[in-house]
Structure formats: C-alpha cells, structure tokens
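# Architecture and fold: a report
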Amino acid sequence: MAAEENGKMNMKKTPISGWGMNTAALALLAVLAVGACDAIDPTSVNNPTTTDDDLAEAKNPTEALMPGLRAQFARMINAYVVAASVISDDYSIHGTGIVVDMDEPHLVTPDLVNSTGTSASGAYWNVQELRALGDFVIDVIIPNDPSPDPAHVAEAHYYRGMAYLTLGEVFSHAPHEEDGDAQPASAALGKALADLQNATAFGPQTHAALARTHRLLGDASAAETAANNALGSSADLLFAPAYDGAFLANTSVFFLVLRALQEMQPLPRLDFLDPKYTERGSPIAIAKAEEMHLILAEAALARGDLDAARTGLANAINMAGTRATVSFDDIDERRNADLSLRPRSAEIMIRADADSPYRAGLVKDRPADGLTVPSVSATSLDADSVAGLESADELWHALWLARQEIMLLEGRRLADLGIKLPMMRREIDQNTGISEGDPGTVAVVPGYIPQTPRYAMDIYTPVEIYDGTGPDAQLLVTEVTMQVDMNRVLVRNNASPFQ
C-alpha cells in the first residue's frame, strides 16, 4: 500500500483548532502510512472509510494503533530537527530547498512553520498531530479496549508525553485542544511530566525524557534523579527511532547529502561532525547516555560543585567516543550560495571568535572518498583537557560546546539558545481564541542573540579562503575566525535553566 513520501494526507482533520479532521481516520491513516496495512481488521466494513465504531470492534484496537503513533513520533522528530538546526548556529542555508529566512531567528514567522508535511518547516503541524493522535489512543481507544497491553499503554503515554515535551521545548505558547486557548510552555511541560510518569515501563528513554523535561522546568534535583535513573537502567542508553528510507525518510539527508546543492552547511567549527546522517533511513537519536551525563554536569555546575561537573563532562565525552562511525564517500564541495568555497581543507584552523584560540582538526578534506563521520555522537573536547579546567566559566563554556557538538542535528540547540518558534499560520487564522500578536504567534528571540549583521551567528572571516572556485582551487589562508561564539554568549547570560 502506498503513501505520499512527504507525509501530506488528503483527509478531513480535527486534531487542532480549526482543522476539521476525523481523528479515527487520522489514526488509521498514520498506520497505513508506514505500510502497516494489515494492522487493523475491522468487522462489518463494506467501504474504505474506517470509523470509531470499526476501531472499537477491532480485536486489539490499542495494539492496532501503535504503528501509527510510532510513525507520527518519527515524523515529529524529523520535522523539527531541520528547522532547529538551521535557525540556530549549527547550520547555515546555502540553496533553494529551505527558505533562507529560516537562517535568521529574527525573521522567523508563522508562515515558515505552516507546512502539513515533514519538510523543514512542518514542526508545529507534526507535534500537534502526535499530541492529537495520543489523545485519541489514550482517551478514547484504551478506555474502551477490554484488555489493552500495559506495555502499549505505557508506550502511548510516552509518545504523547514527547509531544507535550516538544511543544514546551520548541514553542512559547500553543493550544492543547481544538479551538483551545494558547497555553504557555510550562503548561505543556507539566503535561509532559504527567504522561511520562505513566510511561516509565516503556524503558530508560522515558527517564531520559523526564530528565529533559525537569531540566527545561529548572528543577535540577528532579532532573538529576531522572538522569541517574536512565543511566542506572542503561549505562550506554541510545534510543533512536529509525526511518525506512521510503515512506518515512530522514529529511535532513536530502539537504545534507542527496541534493546537488547541499544547502545545509555546518558552521566551520562543526565541519568534522557533518554529515551525521548519510542514508534516507538513518535513525535520529532522541535519548542517549551522553545527554544524561551533561544534565548531571549542568546541575553540578549550577550548585557550584566543579568536581562533579568535570566528572559529568568527562563521562559524556568518553561515552561519545564509544559511539559508531560510518565511512562515507562525500561529494560535497562546501559551497556558499554564490558558489564560493567554504572551509574544506584539513589544514584550516578555526577559532570560535576573535578572543578564542585557533583549533586544528575541526575541518575535514572535502570532497573525499571513505570519509569517517560520526553517526551518533562526537565532540572536539578531550576528557583530560576538561579535567584541567579550573574556573566555573570555563566549565560552563565546555558544557555548552559539548551539548552543541554531541547533540548536533537532534533538535536541542534551538532551546539551548532560548529561541522559541511561533505556532503555524493556520492556527492563528482559524482559532477564534488567538489573535495576531498574542503570545505564541511570534518567535521569541532573546536579546543576546545578535541581530546585526544578518545571519551573524553563521558568519566567519575571511570570506575569500581559496584563490578560485574550481576543484583545483588553492588555499589563500589557513586561519578562519567565527563572528560570534554563542557558547561564550550563553555563559555570559547565565542561560542554563538551572541558573
């Protein structure tokens, strides 16, 4: 059974305000979209329309809808990872596949998050879709299922909890029901806690999600407890939903690898990490041990325990060093939008700003055959070097850098910078309780995010690094300086939720 690759569905909808969607049809459709065409066998159906009654008569209705929840969870992660990466200081846009205004946080508008597919701008639609499907399974199907599997019940709560966590992490305000008032991020995070606490039987990834949620709420003690619970259950925790490469592809691969213009170009100091995903089916990590160690280090720093912070950072760095790599034939010529060459030679050294030292090893030779790239985690930091850091500010800087590098292309950087996206245009236009200019209808960008020059977080000097643009272009300089080190900015502004 076929489904559209970009996830766009032509059916009636009602899961979020102003959308007239039959939720049962959505649930069935989500199942079918990943090829699970035999998952539901409703009785007494003489036409292709599946109703609530049909699902109620299915032998195991909760089990029947789990593939749909899993697929929509993967779509949600996929949809916001690209947006979070280009709006933040992880990647810059140099091509036509992503609207260039997404490269500048101050230019992000509701119209840029107004897609119903799994494209770079479809974050809001997809997170609300998962929340609505979770509501349907948990509030309608499970209560009427005579014998739901407790494992499936826990899993359903996990997915809805992750929808609320993402609402609170990525958006400043959003409704939680059809035509509902826009709720603040803290309310979404509170609902995430409630669901996740009912999902602990699903596995250590639930404790990891609880740690993330408590961190965003600023509760260091609870975040530490959850992080330790996750590590206690799985010392090398890695939960990374995979994509099938056909009906449910990892969208970032199109912009990193497959398109003739690789329009997602990493900051030069992050070059060694790219491309993290090389196949359409590459999984995206959503919970891993490294993040738990970083949360423990952050909580320790916030209470002034520098020794514990060093230990947590070293543990995260060492764990990242154990993760898998892939060998990849990279044809990326590392070009700007005007086709000039970006840093692409291993001789180049990068410094994070004019007050930082130059560092080698951050840029790899490209194009290249047999390029080794990390597929889960990597960092330019060394555990022994971190052990020698003496001041709190030095450790805070290392923490922010470790979070940026280790969780590249996992969607975390946007929240670390304090940026929140607006809800999509359709929500504003059709929800009678929400008006233009209300909380949640505009992006939230902290004052410490540089606004001038445009794209300041992505700029480096000099611009002319090679003597031409052809394959034989020679280096003119071997030292490149980033305009701004946002990790230093985060330290100066006490940006941790625990501070």
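Notes on the structure in this doc start here. Quick caveat: nothing in here was measured; it's all calculated off a predicted structure.

Conventions we followed
- Residues numbered from 1 in each chain as written.
- Predicted model: local features only at pLDDT ≥ 70, side-chain atom pairs only at ≥ 80, totals over all residues.
- Heavy atoms only, no water.
- Axes fitted to C-alpha atoms, helices over the stretch in contact; angles between N-to-C directions.
- Helix = DSSP H or I, 4+ residues; strand = E, 2+ residues; numbered from the N terminus.
- Left-handed = near helix turned anticlockwise from the far one by under 90°.
- Contact = heavy atoms within 4.5 Å.
- Nonpolar A, V, L, I, M, F, W, Y, C, P; charged D, E, K, R; others polar.
- 1 Å grid on protein atoms, 1.4 Å probe; cavity = no way out; pocket = protein on both sides within 12 Å on 5 of 7 lines; lining within 4 Å.
- Points joined across faces, edges and corners; volume = space filled by probe spheres on them.
- Pairing = 2+ DSSP bridges.
- Salt bridge = Lys/Arg side-chain N within 4 Å of Asp/Glu carboxyl O.

## Thoughts on the packing of helix α7 (residues 204–216) against helix α10 (residues 289–302)
Between α7 and α10, the least distance of the axes is 10 Å, while the angle of their chain directions is 35 degrees. Pair α7 / α10 crosses with left-handed handedness. Taking contact as the criterion, the partners of A208, A211, R212 and R215 in α7 are, on α10, E291, M292, I295 and E298. Classifying every residue of the contact of α7 with α10 by side-chain character gives four nonpolar, no polar and four charged.

## Remarks on empty space enclosed by the protein
The tally for this structure, following the rule as stated, stands at two cavities of 30 Å³ or more. Estimates place the volume of the second largest cavity at around 40 Å³. Contributing to the lining of the second largest cavity are E169, R212, R215, L216, E291, R403, R412 and D416. If you tally residues by element for the lining of the second largest cavity, the top one is α7, at three residues. The residue makeup of the lining of the second largest cavity, split by class, is one nonpolar, no polar and seven charged.

## Overview of the sheet that holds strand β10 (residues 460–461)
On the basis of which strands lie adjacent, the open sheet formed by three strands has the order β8-β11-β10 and mixed pairing. In the strand order of this sheet, the two ends are held by β8 (349–351) and β10, each with one partner. Here β10 runs beside strand β11 (residues 479–482); their pairing, made up of two bridges, is antiparallel. Counted as the bridge partner of T461 is T481 from β11.

## Observations regarding the layout of surface pockets
Of the voids in this model, the largest pocket is the one considered here, and its volume is about 490 Å³. Taken together, 25 residues line the largest pocket, and the ones lying closest to its centre are P357, R359, L381, H397 and L401. At the level of secondary structure, the elements contributing two or more residues to the lining of the largest pocket comprise β8, α12 (383–387), α13 (392–406) and α16 (486–492). It is α13 that contributes the most residues to the lining of the largest pocket, six residues altogether. Residues belonging to the lining of the largest pocket are distributed by class as follows: ten nonpolar, five polar and ten charged. Estimated volume of the second largest pocket: approximately 320 Å³. As for the second largest pocket, its lining consists of 15 residues, of which H94, N336, R342, D458 and I459 are closest to the centre. Class assignment of the residues belonging to the lining of the second largest pocket gives a composition of seven nonpolar, four polar and four charged.

## Re the pattern of salt bridges
Tallied over the entire structure, the rule returns 28 salt bridges. Across the pair E169 and R212 runs a salt bridge whose closest N-O atoms are separated by 2.5 Å. Here E169, found in helix α5 (residues 150–170), pairs with R212, found in helix α7; they are 43 residues apart in sequence, far enough to count as distant. Of the charged contacts in the structure, one is a salt bridge between E290 and R323, with a shortest N-O distance of 2.8 Å. Placement of the pair is E290 in helix α10 and R323 in the loop between α11 (306–320) and β7 (325–330), with a sequence separation of 33 residues.

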